[in-house]
Amino acid sequence: QVQLVESGGGSVEPGGSLRLSCAAAGSMICKMRVGWYRQAPGEEREFVSVINGCQLRSYADSVKGRFTISEDSAKNTVYLQMNSLKPEDTGMYYCKAVLDWETYWGQGTQVTVSS
């Protein structure tokens, strides 16, 4: 069983930055595929970024060049650094981990970008 706890959300103005954290328990992050997803009100949940085995990284086109996914294996935590935030980045951000064909989700952290 894997437990995921997100933190770091908040309210920022357009152009601002936030860093989200996803702390994992129950398995080492470098043995998993850990990703970030987001969901705006009334919209479906969408892919943002993923890191696979602490090596391979990928991003949605909408966040390339602005968001960076990274990890700290000592803290068993995956981060999402979000720069140049836009109003359309607003939503609930969820951490997802996949291990041995099992999928785990965190409870989410809210990000609001507004002037």
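Overview of the structure. All values reported here derive from a predicted model rather than from experimental measurement.

As for the sheet that holds strand β8 (residues 77-82)
Then comes step 1: One open sheet holds the 4 strands; their spatial order is β1-β3-β8-β7, and the pairing between them is antiparallel. Each having just a single partner strand, β1 (3-7) and β7 (67-72) make up the two edges of the open sheet. Ignoring which end each strand starts from, the neighbouring axes of this sheet average 20 degrees apart.
Then comes step 2: In terms of strand pairing, strand β3 (residues 18-25) meets β8 through 6 bridges, oriented antiparallel. In the strand pairing of β8, Ala 23 is matched with Thr 77.

Structural notes on the pattern of salt bridges
Then comes step 1: One pass over the full model with this rule turns up 5 salt bridges.
Then comes step 2: Put simply, Arg 38 and Asp 89 hold a salt bridge, and the shortest N to O gap is 2.9 Å. A residue pair is termed long-range when its members are at least 10 positions apart, and Arg 38 in strand β4 (residues 33-39) and Asp 89 in the loop between β8 and β9 (91-99) qualify at 51 residues.
Then comes step 3: In this structure, the salt-bridge partner of Arg 57 is Glu 71, at a minimum N-O distance of 2.9 Å. A residue pair is termed long-range when its members are at least 10 positions apart, and Arg 57 in strand β6 (residues 56-59) and Glu 71 in strand β7 qualify at 14 residues.
Then comes step 4: When its relative accessible area of 25% is taken as the criterion, Glu 71 is described as partly exposed.

Basis of the calculations
- Residues numbered from 1 in each chain as written.
- Predicted model: local features only at pLDDT ≥ 70, side-chain atom pairs only at ≥ 80, totals over all residues.
- Heavy atoms only, no water.
- Pairing = 2+ DSSP bridges.
- Helix = DSSP H or I, 4+ residues; strand = E, 2+ residues; numbered from the N terminus.
- Axes fitted to C-alpha atoms, helices over the stretch in contact; angles between N-to-C directions.
- Salt bridge = Lys/Arg side-chain N within 4 Å of Asp/Glu carboxyl O.
- Buried < 20%, exposed > 50% of the residue type's maximum accessible area, 1.4 Å probe, protein only.

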